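Observations on chain architecture
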Amino acid sequence: MSELGAPKNLTRNVLWGMFLGFAVGSTFFYTSFVPDFFEKIVTEFVLNLGGDIFKNLLKLIVVPLVFFSLVAGISSVSDMMKLGNIALKTILLVVVSTAIAVSMALFFGWMVDLGSGYQAAAGNFDIAIPQVSFYDTLLNIFPNNLFGAFVENNMLGIVFFSILFGIAVNSTDHLTGNLSKAFEKLNTVFLKIVLMIMGFAPIGVFCLIGAYTASKGLDIFGDLAQYVLLLIFVLVLHMLLVNSLFLKFIAGVSPVTFFRKIKDVLLFGFSTSSSAATIPVTLKTVTEDMGVKKDVASFVIPVGATINMNGTAILQGLATFFIAGISGIELGMGQYIQIIFLAVITAIGTAAVPSAGIITLTIILNQLGLPLEGIGLILAVDRILDMLRTSVNVCGDAAVAVIVAATEDELDRDKFNAL
Ligand code: ASP
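Residues numbered from 1 in each chain as written. Predicted model: local features only at pLDDT ≥ 70, side-chain atom pairs only at ≥ 80, totals over all residues. Heavy atoms only, no water.

With respect to the packing of aromatic side chains
Where two aromatic rings form a pair, the distance of their centres and the angle of their planes describe that pair. All told, the structure shown has 19 aromatic pairs when counted by the stated rule. Aromatic side chains Phe107 and Phe108 sit 5.3 Å apart centroid to centroid with 75° between the ring planes, which places their arrangement in the edge-to-face category. We classify Phe107 as partly exposed; its relative accessible area is 40%. Measuring from centroid to centroid gives 5.0 Å for Tyr227 and Phe322, while their planes differ by 25°, and the two rings are stacked. Taken together, the residues span a long stretch of sequence, with Tyr227 in helix 9 (residues 225–251) and Phe322 in helix 14 (residues 310–326) at a distance of 95 residues. (Phe/Tyr/Trp six-rings, centres within 6.5 Å; stacked < 30°, edge-to-face > 60°. Buried < 20%, exposed > 50% of the residue type's maximum accessible area, 1.4 Å probe, protein only. Helix = DSSP H or I, 4+ residues; strand = E, 2+ residues; numbered from the N terminus.)

This is how it looks when you write it as structure tokens:
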């Protein structure tokens, strides 16, 4: 796909954007030598607007890209049994890696006795918590209005319809004069749009990070230090260790090569805090750089972005532990098992957008009878943690795609190993 003209030095430029964003944002937040009106105009019309435009562009492309890549991928699968295998393996990997993620969070929370030393009362936090029902999550997979699903960005519903449509195109190809080829071509056009948008990524990331730092500063880590540090530790450990083990022993590929090639995906997950918004980059990376064949990637990546949330499961395990700790509630074995079970389900049901994991955390707290007010404490530091856990989520999506492709003999190993 490099004939499509990928932007050059993207990772380096995005890192520069991030660094300059921190620099400009901190200058606004910590110093007063910049005139107020100037700071206001730059924050509003450069940082906020630029960041929002960039996020809009990414979201703009997600729905058509998922639709066309899924239909193109599925309609060209010659053996329909294969799709069933791909789906089954994806779901199995998601469930196992998510269960490991939340178990690790609980284990480390228990090791350091998280939350027991925290003295402040967990009250006085006024937040509105929308409830998300599991029933609705399931029902949304089957939308009653096609256009409604597209308009509302109902990703699971769109995935379901695209699969249905792809199968129908596949099985009528002989009657329609190879309609599946047309979807291939449209998919290529949309991938080109992705690359065009990606060209603006360094500026977009500069604006997103700058706007965040200008309004919140850098000392978000000051409070709740133990919770924050432990969460970061478990997130990084899971990302490096679990993905490496899976990649090495199930897929038989080098984790080092994988991590060398995943940089852009992590950076995009980090700066957008949205697995869904990162889909274009994840798709491009696994197909172009890692050699995952398109029919596997076009299924696994959108589905993975929607249901595979290892980072979110870690947040939910550790936050539940923390809130129980600060409320003076000791958890027993039965509750640990309940948390693992609930976190797997809620992480799967969490929307792939910023802060969604905090909302679904309420389901677990409710179920265990823990105070919802505890979320107020966690919210104070969640913005930056959301960025980190989204990176872990999207890293898992790419890993699942590589593993499924490897076990289906749909991985171009030469491409994967090429530097
Ligand atoms: N922001 C996360 C994601 O898009 C979801 C979450 O809030 O945990 O993957």
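Observations regarding the pattern of salt bridges
Between side chains of opposite charge, a pair can form when the charged atoms approach closely. Enumeration according to the criterion identifies two salt bridges in this entry. With its nearest N and O atoms 2.7 Å apart, the salt bridge here joins Lys89 to Glu408. Here the residue Lys89 occupies a position in helix 3 (residues 80–111), and Glu408 occupies one in the loop between helix 18 (382–407) and helix 19 (413–417), the gap between them amounting to 319 residues. For Lys89, a relative accessible area of 27% corresponds to the partly exposed category. (Salt bridge = Lys/Arg side-chain N within 4 Å of Asp/Glu carboxyl O.)

With respect to the site of the ligand
The environment of the ligand is formed by 16 residues, the closest being Ser275, Thr312, Gly357, Asp386 and Arg389. Residue Asn393 places a side-chain N or O atom 2.9 Å away from an oxygen atom belonging to the ligand. Relative to its unbound accessible area of 270 Å², the ligand is 100% covered by the protein chains. Elements represented by at least two residues in the shell around the ligand include exactly helix 16 (356–368) and helix 18. A per-element tally of the shell around the ligand places helix 18 first, with four residues. (Near = heavy atom within 4 Å. Polar contact = N/O pair within 3.5 Å; in protein donor to acceptor, adjacent residues only side chain to side chain. Areas by Shrake-Rupley, 256 points an atom, 1.4 Å probe, with all protein chains shown as cover.)

A few points about the nonpolar core
Soluble, globular proteins show a tendency: their nonpolar side chains are buried together. Judged by nonpolar contacts, the single largest core of 126 residues is most densely connected at Tyr227, Phe258, Ile262, Phe268, Phe299 and Val402. It is helix 18 that contributes the most residues to this core, 15 residues altogether. Once residues lying within four places of it in the same chain are set aside, the contact partners of Val402 are Leu247, Ala251, Val253, Phe258, Met290, Val292, Leu411 and Phe416. (Core = buried A, V, L, I, M, F, W, Y, C linked by side-chain atoms within 4.5 Å. Contact = heavy atoms within 4.5 Å.)

Things to note about helix 1 (residues 10–30)
Between its terminal C-alpha atoms helix 1 stretches 30 Å, which fits the 30 Å expected from 21 residues at 1.5 Å a residue. Considered for burial, the residues of helix 1 that qualify are Leu10, Thr11, Val14, Gly17, Met18, Gly21, Gly25, Ser26 and Phe28. Buried residues along helix 1 cover an arc of 160° about the axis, so they all sit on one side. Looking at the buried residues of helix 1, the elements they touch are helix 2 (36–75), helix 7 (179–198), helix 8 (201–216) and helix 11 (263–272). (Expected span 1.5 Å × (residues − 1). Arc of directions from axis to C-beta.)

As for the side chain of Thr43
Topologically, Thr43 is positioned in helix 2. With residues up to four places along the chain from it excluded, the contact list for Thr43 reads Phe28 and Asn48.

Here's the deal with the environment of Leu156
Mapped onto the elements of the fold, Leu156 is located in helix 6 (residues 155–176). With 150 residues separating them in the primary sequence, Leu156 and Thr306 have C-alpha atoms 7.0 Å apart.

So, the confidence of the model for the protein chain
On average, the protein chain scores 85 in pLDDT, and the residues at 70 or more come to 92%. This model gives residues 119–132 a pLDDT under 50, and the stretch forms 20 contacts once residues within four places in sequence are excluded. (pLDDT = per-residue confidence, 0-100.)

Some points on the environment of Ile323
In this fold, Ile323 is placed in helix 14. Taking the C-alpha atoms as reference, Ile323 lies 34 Å from Gly157; in sequence the two are 166 residues apart.

As for unusual backbone geometry
In this structure, Asp113 is a non-glycine residue whose phi angle is positive, near 55°. Here Asp113 lies in the loop between helix 3 and helix 4 (134–140). According to the relative accessible area criterion, Asp113 is partly exposed, its value standing at 45%. Phi is positive for Asp409, close to 60°, though the residue is something other than glycine. Looking at the secondary structure, you find Asp409 in the loop between helix 18 and helix 19. Owing to a relative accessible area of 67%, Asp409 belongs among the exposed residues under this scheme.

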